[in-house]
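The lines below spell out each chain.
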Amino acid sequence: MRPPIPVVPSVLCLASLLGACDGDPPLDVPVELPIDRPDRAPEPYPISASIDPGPTSTGLYETVTPFEHADVERTHVYRADFGGSLFAPERNTIALRAFDGVHETPYNVVTRDRNELFLSGGTQGDIDAAEGPYVTKFDVERGAVLWRTDLRETKALGEFLWPGLVTAHGNGGIYAIYGVRIARLDPEDGRVLAELELPTPEGFEPEDITYNGFTVLRSGVIVTKSYGRPAGCEEQGIEALLCATPENPIPPSIVVAVDPNTLQVLSTYQLSEGSGGRITSGRFGEREYIYVPGVENIVRFELTGEGLELDPDWRVEDYLVEGQTPASAPVLMGPWVVFQTNYSISTSPLSVYAVSQADASVRLRTEPFSDLRAGISAIPSALTADPDNLRIYAMDAGRGQIGCLELVDGERLEVQWVVDQTTMNHTSLVGPPEARVFVSTDAPDLLPALAGRVPEFTEQVVWRSAETGEELARTEPLAPMLPGDPLAPGFDGVWYYPGLSGELLEVKVEVSTP
């Protein structure tokens, strides 16, 4: 068993706000044998085996995890497999393997070719170990570091240090965004092939601004958005946001479109408000939209020949109930935009929304976790959505629960199941539509640790039936992840767990022999 680790500054900064906290079939999804090879055993990982990794004309590399949240719609539905049993969970076992090295404050990982894994990290500014962004490449088979590229000594320069991301672009390149810069790296040796300094909001200094992620259009164009700390604030990470006051708010955000091949700015648009959640894009009808979550409104843009154009007829406003805090990243689920509120600490239960992409006045809303057990509600991560089954998976770390909702007849959101499980991290779905598996983490002692009642906490990875919520497998207690980190799959049924202690673990569910 891996030892627990103490509560770290990134979550301790919330503690003052939490003071009020008192004989089975051989395969679960049958795979038919090929007619020309009736003697061949079924492929144990058919979904990832069907992927032919390589460049595409759709914006993202053809691979299991090219992007922070599976796809640019941010569904968290990965083309990956569950290696365990859906019928006999008692036979499921867990295999763990640690990759080489210590990787300070790891954030997201992406796959590319079958033996390639890329990690971005070093950007959790309120943790001492984080000094600045880096990208590391691993040989998956050996778990060995092939190269590491340190991109900037952000903290030493006094600049705002906040997580960006790394992405495997459809043109074959590896792109990282950090601070006010975006870079293209050579996937073979990590060389920075090109770098662009992005614009900052009028009246604000570059050292107070960061770009927190991006999306990729089908054309390959990268669209990103700035975020920032209040003017004069020298704090780092989430602690910098505590500097914000009505008189000195976070800076307004700029939306920027970038040519991925030349790294030139194609268009910019400055919002009237700041935007903390990450941006999302996807096609609706014949158009491709970019959705931006502001602190008061959710708006959308279209990139045309004239540049970034705000859609004047689509806006989600007045969606916060008294006491709630803004939404995190919106997620596209077919013709719907879905999201949950309470990105930061709230005293009101969170709401889950489904808003029509055709008409923003068509909204469905529910509060699946209405009983505020701990007196607060908070979830920095975005929800997960399954467009094939019209199911939404929401979570609330303050409530200590996760749950599944279904969008029924386009008229209402119905809660299908709710279980006690505490996570601050992004969740995921794998498997075919008829047999989805929901993957998340569980940190039972998170809230007591934040409230100072226990000195430390651990975290476990949990696999559940997405349809029923039944638990299928669970790891031993591990050193926790950073709040808001994504848990991502790879080829052949594996998962990558970036631990706060700097460990990168490969986790896999397997079926034991009867």
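Before any of the text, the structure's been laid out above.
What comes next concerns the included structure. On a predicted model such as this, the values are computed, not experimentally measured, just so you know. (Residues numbered from 1 in each chain as written. Predicted model: local features only at pLDDT ≥ 70, side-chain atom pairs only at ≥ 80, totals over all residues. Heavy atoms only, no water.)

Section: the nonpolar core
Right, so step 1: Judged by nonpolar contacts, the single largest core of 33 residues is most densely connected at Leu117, Val430, Val439, Trp463, Tyr496 and Tyr497.
Right, so step 2: Taken together, the elements giving at least two residues each to this core come down to strand E4 (116-121), strand E5 (134-139), strand E28 (437-442), strand E30 (460-465), strand E31 (471-474), strand E33 (494-498) and strand E34 (504-511).
Right, so step 3: In terms of nonpolar packing, the next biggest core, distinct from the first, is built from 27 residues, Leu364, Leu383, Ile392 and Ala394 among them. (Core = buried A, V, L, I, M, F, W, Y, C linked by side-chain atoms within 4.5 Å. Buried < 20%, exposed > 50% of the residue type's maximum accessible area, 1.4 Å probe, protein only. Helix = DSSP H or I, 4+ residues; strand = E, 2+ residues; numbered from the N terminus.)

Overview of the sheet that holds strand E12 (residues 222-228)
Right, so step 1: If you trace the four strands from one edge of the open sheet to the other, you get E11-E12-E13-E14, paired in antiparallel fashion. The outermost strands of the open sheet, each flanked by one partner alone, are strand E11 (209-216) and strand E14 (265-270). For this sheet, the mean angle separating the axes of adjacent strands, direction not counted, is 20°. (Pairing = 2+ DSSP bridges. Axes fitted to C-alpha atoms, helices over the stretch in contact; angles between N-to-C directions.)

As for the pattern of salt bridges
Right, so step 1: One pass over the full model with this rule turns up 27 salt bridges.
Right, so step 2: Between Arg287 and Glu302 there is a salt bridge whose closest N-O contact spans 3.8 Å. With Arg287 in strand E16 (residues 287-293) and Glu302 in strand E17 (residues 298-304), this residue pair connects regions lying 15 residues apart in the sequence.
Right, so step 3: The salt bridge partner of Arg412 is Glu411, with a shortest N-O separation of 3.8 Å.
Right, so step 4: The network of salt bridges with shared partners includes Arg112, Asp113, Glu116 and Lys137. (Salt bridge = Lys/Arg side-chain N within 4 Å of Asp/Glu carboxyl O.)

Quick look at the sheet that holds E33
Right, so step 1: Taken together, four strands build an open sheet; the order of strands is E2-E34-E33-E32 and the sheet is antiparallel. Of all the strands in the sheet, just strand E2 (92-98) and strand E32 (488-489) have a single pairing partner and so form its edges.
Right, so step 2: Across five bridges, E33 lies against E34 in antiparallel orientation. Each bridged residue has a counterpart across the sheet, and for Trp495 the counterpart in E34 is Val507.

Focus: the state of the cysteines
Right, so step 1: Tallied over the entire structure, the rule returns one disulfide.
Right, so step 2: Disulfide pairing is shown between Cys233 and Cys243; the S-S distance is 2.2 Å. Between Cys233 and Cys243 the sulfur-sulfur dihedral comes to about 50°; the bridge is accordingly right-handed. Remark: Cys243 occurs in the loop between E12 and strand E13 (254-258) and Cys233 occurs in the loop between E12 and E13; sequence separation between them is 10 residues.
Right, so step 3: Looking at Cys243, the relative accessible area reads 26%, which means it is partly exposed. (Disulfide = S-S within 2.5 Å.)

Things to note about the environment of Ile177
Right, so step 1: For Ile177, the location among the structural elements is in strand E8 (residues 174-178).
Right, so step 2: Along the sequence, Ile177 and Leu390 sit 213 residues apart, while their C-alpha atoms lie 32 Å from each other.
Right, so step 3: Apart from residues lying up to four places away in sequence, Ile177 is in contact with Gly164, Leu165, Ile182, Leu198, Tyr211, Gly213, Phe214 and Thr224. (Contact = heavy atoms within 4.5 Å.)

Things to note about the pairing of E28
Right, so step 1: Here E28 lies mainly inside the structure; six of its six residues are buried.
Right, so step 2: Of the two faces of E28, the one carrying Val437, Val439 and Thr441 and the one carrying Phe438, Ser440 and Asp442 are both buried.
Right, so step 3: As defined by bridge partners, strand E27 (residues 428-430) adjoins E28 across three bridges and the pair is classed as antiparallel. Along E28, the bridge assignment pairs Val430 with Val437.
Right, so step 4: Here E27 hands over to E28 after six residues, with Gly431 in that stretch at a positive phi of 90°.
Right, so step 5: For E28 and E30, the ladder comprises six bridges, and the chain directions are antiparallel. In the strand pairing of E30, Phe438 is matched with Arg464.

Observations regarding the packing of aromatic side chains
Right, so step 1: Within the structure shown, the criterion is met by 14 aromatic pairs.
Right, so step 2: Measuring from centroid to centroid gives 6.0 Å for Phe118 and Trp147, while their planes differ by 50°, and the two rings are tilted. Of this pair, Phe118 sits in strand E4 while Trp147 sits in strand E6 (residues 144-150), and the two are 29 residues apart along the sequence.
Right, so step 3: Take Phe118: its relative accessible area is 0%, and that puts it in the buried class.
Right, so step 4: Residue classification places Trp147 among the buried residues on the basis of a relative accessible area of 9%.
Right, so step 5: Their ring planes at 65° and their centres at 6.3 Å tell us that Tyr289 and Tyr291 sit as a pair that is edge-to-face.
Right, so step 6: Chaining the aromatic ring pairs together yields one cluster made of Phe99, Phe138 and Tyr496.
Right, so step 7: Seen from the ring of Tyr134, Arg148 lies directly overhead, with NZ or CZ sitting 3.9 Å from the centre.
Right, so step 8: Between the NZ or CZ atom of Arg300 and the centre of the ring of Tyr289, over which it lies, the distance is 3.7 Å. (Phe/Tyr/Trp six-rings, centres within 6.5 Å; stacked < 30°, edge-to-face > 60°. Lys NZ or Arg CZ within 6 Å of the ring centre and 35° of its normal.)

Focus on the environment of Val64
Right, so step 1: Mapped onto the fold, Val64 is located in the loop between helix H2 (46-49) and E2.
Right, so step 2: For Val64, the residues in contact, after removing those within four places along its chain, are Ser48, Ile51, Tyr78, Arg79, Ala80, Thr111, Pro489, Gly490 and Phe491.

Details of the side chain of Thr441
Right, so step 1: Mapped onto the elements, Thr441 comes out in strand E28.
Right, so step 2: In contact with Thr441, not counting residues within four places along its chain, are Gln421, Thr422, Thr423, Asn425, Glu459, Gln460, Val461, Met481, Leu487 and Tyr497.

Observations regarding the pairing of strand E22 (residues 363-366)
Right, so step 1: The side-chain alternation of E22 yields one buried face, formed by Leu364 and Thr366, and one unburied face, formed by Arg363 and Arg365.
Right, so step 2: Pairing of strand E21 (residues 352-356) with E22 involves four bridges; the strand directions are antiparallel. Within the sheet, the bridge partner assigned to Ala354 lies in E22 and is Leu364.
Right, so step 3: Linking E21 back to E22 in an antiparallel pair, the connection comprises six residues.

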